[in-house]
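Residue strings, one per chain:
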Amino acid sequence: MKQANRRRFLALGPAVGGALIGCSGEKKQAAEEDGPNRLGKPISEYGERSEFEKARRLRPETKTPEQASSRTPLAEVHGMITPSSLHFERHHAGVPNIDPAKHTLMIHGLVERPLLFSVAELKRLPSVSKIYFIECAGNSGSEWGAKPAPDAQSSHGLVSCSEWTGVPLSLLLEEAGVRKEAQWVIAEGADACKMNRSVPIAKAKEDVLVAYAQNGEAIRPEQGYPLRLVIPGWEGNINVKWLRRLELAEQPAMSRQETSKYTDLEASGKARQFTFVMDAKSLITFPSGGQKLEGPGFYEVRGIAWSGRGKITKVEVSFDAGKNWQSASLQDPVLPMAITRFRAGWRWDGTESTLLSRSTDETGYVQPARAELIAVRGMNSNYHYNGVHGWKVETTGAVSQAVQPA
Ligand SMILES: Nc1nc2c(c(=O)[nH]1)N[C@H]1C(S)=C(S)[C@@H](COP(=O)(O)O)O[C@H]1N2
Ligand SMILES: [Mo]
């Protein structure tokens, strides 16, 4: 049975058959010289990837790389976890070099008992590990305009997903004793700009983490070493890195990042503020812009979906610009506020095709078409674009961005 399936698979076309051409005797000998008969490298203290692997973060050309973002190569990563070394970065004042032995977290303001924790003290407290995505509100912002970005990394690379370990913020707040007037927690980082954001008290008590680990090791400096806030499902900016202070207050701070930035100007000229939640989104990562299909035949279309409101319950894909839709299969585990991978088989007949994906989350929210999004939000926004995205496969097999009707 297995054999029969395998033979059928090989018949699917040139795209999958090529890799299985047998070795000639000569080739076999060469392979053995580099391979298992040759003594390899010794053990090492800290792992590096193979020299043949080239996936890397995309950085813009800029004179101010301390105030910039780099992007995850979404078309080159697998599964739901982003390797820490490829997690996107967004810094407003560079990455501070913090000695954890000297770093502290202060909790003060409207509390019964102001507290000061060392990193070591935080690590002694009851901990949890959770898989959550972090997405900059500016992710896929290029798609608001008439000229969408050419590939998955430049259009959607400001989202990544890690396993975060840390202390529930609710536990620290209980220890401090939150006074009933306190409605906001103002979080501040230890970077040069002391970036700060205001978190509503209900969310702070619900599921926020003061994280010290990412994917099994200490958080990377770029992600906030030694401490960061992880605020599940909410825009990246509020996930304050290099966390050093939490002030309980009656009012939000009205800081730069929640007034002049990270607000969304509507068509009427009125701005939406405190738009924390990242709505459901999805992206096909294979085939995606810049790639080339070798010829007609079978392909596994792959992508990622995520929602700041909970679990992804459905991803539909279309191979004909939205005329027909079918459900993709979702890779377990499907976790709330985490990246979910989807896959769907496609037999490409060689004609020009537009591939779309559309996600639905457990609240019933459906990722809108671009026109539906613009009808509600106008065209003034830089942030929170989550319209259905498409790639065009040309008859040559070249894949490029598909312009969605406005
Ligand atoms: N202290 C501090 N926290 C910060 C930032 C910053 O510049 N300083 N950038 C914010 C923004 S805009 C985003 S999108 C996320 C990015 O997190 P990452 O760099 O770990 O991907 O961190 C947020 N937290
Ligand atoms: Mo951001």
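Everything here concerns the structure above.
Below, the structure is looked at part by part.

Thresholds, definitions, all that
The residue numbering used here restarts from 1 in each chain and proceeds along that chain's sequence as written. Both sets of labels track the order of writing: A upward for chains, 1 upward for ligands. Since the coordinates come from a predicted model, pLDDT governs what is reported: local features require at least 70, and pairs of side-chain atoms require 80 or more to be given and counted, while whole-chain, interface and lining totals use all residues. With hydrogens and water set aside, each side-chain value is computed from the structure's full complement of heavy atoms. Here a strand is any run of E in DSSP of at least two residues, a helix any run of H or I of at least four, and the numbering for each starts at the N terminus. Our radius of gyration is a C-alpha quantity, and the globule rule it is checked against amounts to 2.2 Å times the number of residues to the power 0.38. For every residue, the accessible area (1.4 Å probe, protein chains only) is compared with the maximum for its type, and the residue is labelled buried under 20%, exposed over 50%, or partly exposed between those bounds. The near set for a molecule or strand comprises every residue that places at least one heavy atom within 4 Å of it. Polar contacts, as counted here, are pairs of nitrogen or oxygen atoms within 3.5 Å of one another; within protein the pair requires one atom able to donate a hydrogen and one able to accept it, and residues that are adjacent in sequence qualify only if both atoms are side-chain atoms. Values of accessible area rely on a 1.4 Å probe in the Shrake-Rupley scheme; residue burial ignores everything except the protein chains shown. Each C-beta atom gives one direction from the helix axis, and the arc is the one those directions make. Note on contacts: a residue pair qualifies if any of its non-hydrogen atoms lie within 4.5 Å across the two residues. Here, nonpolar core means buried Ala, Val, Leu, Ile, Met, Phe, Trp, Tyr and Cys residues that are tied together by side-chain atoms lying within 4.5 Å of each other. Any two strands with at least two DSSP bridges between them are considered paired. Angular values range over 0 to 180 degrees, each being the angle between N-to-C directions of two axes fitted as lines to C-alpha atoms, with helices fitted over their stretch in contact. Every case where a carboxyl oxygen of Asp or Glu lies within 4 Å of a side-chain nitrogen of Lys or Arg is listed as a salt bridge.

### Considering the overall build of the protein chain
Helices and strands together make up the secondary structure of the protein chain, namely eight helices and 23 strands. Whereas a compact globule of 406 residues would reach a radius of gyration of roughly 22 Å, the protein chain reaches 24 Å, a difference of no more than 12%. Overall size of the protein chain, expressed as C-alpha extent along the three principal axes, is 75 × 60 × 45 Å. Residue burial in the protein chain is summarised as follows: out of 406 residues, 48% are buried.

### As for the site of ligand 1
Taken together, 20 residues lie around ligand 1, and Phe-88, His-92, Asp-191, Arg-228 and Lys-241 are the ones closest in. Arg-228 places a polar side-chain atom, nitrogen or oxygen, 2.8 Å from an oxygen atom of ligand 1. Burial of ligand 1 by the protein amounts to 100% of the accessible area it has alone, namely 530 Å². For the shell around ligand 1, the leading source of residues is strand β2 (residues 89-91), giving three residues.

### As for unusual backbone geometry
Across the junction of Tyr-225 and Pro-226, the peptide omega takes the value 5 degrees, indicating a cis bond. By secondary structure assignment, the location of Pro-226 is in the loop between β10 (217-218) and β11 (228-230). Residue Asp-332 is joined to Pro-333 through a cis peptide bond whose omega torsion reads -10 degrees. Along the chain, Pro-333 turns up in the loop between β19 (329-330) and β20 (340-348). The backbone phi angle of Ser-140 is positive, close to 60 degrees, even though this residue is not glycine. Residue Ser-140 is classed as buried on the basis of its relative accessible area of 1%. Positive phi, close to 60 degrees, is recorded for Ala-321, a residue that is not glycine. Relative to the helices and strands, Ala-321 is located in the loop between β17 (312-318) and β18 (326-327).

### As for helix α8 (residues 370-377)
In an α-helix, one turn spans 3.6 residues; hence positions three or four apart end up facing the same way. Turning to α8, its buried residues are Arg-370, Leu-373, Ile-374 and Arg-377. Taken down its axis, α8 places every buried residue within 95 degrees of arc, on the same side. Those residues of α8 that are exposed and angled more than 90 degrees off the buried face are Glu-372, Ala-375 and Val-376. Elements in contact with the buried residues of α8: β13 (264-265) and β14 (271-272). The first or second residue beyond α8 is Gly-378, which carries a positive phi of 75 degrees.

### Details of the nonpolar core
Across soluble globular proteins, nonpolar side chains show a tendency to be buried alongside one another. Judged by nonpolar contacts, the single largest core of 44 residues is most densely connected at Phe-133, Trp-164, Ile-339 and Trp-346. Put simply, the parts of the chain that give this core at least two residues each are β5 (128-135), β6 (159-168), β9 (209-214), β15 (281-286), β16 (297-306), β17, β20 and β22 (389-393). Looking at this core, the element that brings in the most residues is β16, giving five residues. When near neighbours in sequence (up to four residues on either side) are disregarded, Phe-133 contacts Val-159, Ser-160, Cys-161, Gly-233, Met-278, Trp-306, Ser-307, Gly-308, Met-337, Ala-338 and Ile-339.

### Quick look at the sheet that holds strand β7 (residues 184-189)
Reading across the sheet, the five strands line up as β4-β3-β12-β7-β8 and stay open at both edges, with mixed pairing between neighbours. Each edge of the open sheet is held by one strand with a lone partner, namely β4 (115-118) and β8 (196-200). Taking the axes of each pair of neighbouring strands and ignoring which way they run, one obtains an average angle of 15 degrees across the sheet. Pairing analysis gives five bridges linking β7 to β8, with the strands arranged antiparallel. Residue pairing in the sheet places Glu-188 in a bridge with Asn-196 of β8. The strands touched by helix α6 (residues 169-176) within the sheet are β3 (104-109), β4 and β12 (243-249), with β4 carrying the most contacts at an inclination of about 135 degrees.

### Some points on the pattern of salt bridges
As enumerated under the stated definition, the model contains 17 salt bridges in all. Here Glu-135 ties to Lys-281 by a salt bridge, and the two come within 2.7 Å at their closest N and O atoms. Of this pair, Glu-135 sits in strand β5 while Lys-281 sits in strand β15; the two residues are 146 residues apart in sequence, bridging distant segments of the chain. For Glu-135, a relative accessible area of 0% translates into the label buried.

### Concerning the side chain of Lys-203
Mapped onto the elements of the fold, Lys-203 is located in helix α7 (residues 201-206). Given the relative accessible area of 7%, Lys-203 is considered buried. There is a polar contact of 2.9 Å between the side chain of Lys-203 and the backbone oxygen of Pro-232. Beyond its immediate chain neighbours, meaning those up to four positions away, Lys-203 contacts Val-208, Ile-231, Pro-232 and Trp-234.

### Looking at the sheet that holds β15
Spatially, β15-β16-β20-β19 is the arrangement adopted by the four strands of the open sheet, whose pairing is antiparallel. The open sheet terminates on both sides in strands that have one partner only, identified here as β15 and β19. Bridging between β15 and β16 involves five bridges; their strand directions are antiparallel. Counterpart to Leu-283 in the pairing with β16 is Ile-304.

### Details of the pairing of β22
Most of β22 is tucked away, with four of its five residues classed as buried. Pairing between strand β21 (residues 353-361) and β22: five bridges, direction antiparallel. Note that in β22 the partner of Leu-356 across the bridge is Gly-390. When β22 meets strand β23 (residues 399-401), the two strands line up antiparallel, connected through three bridges. Bridged to Val-393 within β23 is Val-399. From the end of β22 to the start of β23, which pair antiparallel, there are five residues, and Gly-397 there has a positive phi angle of about 95 degrees.

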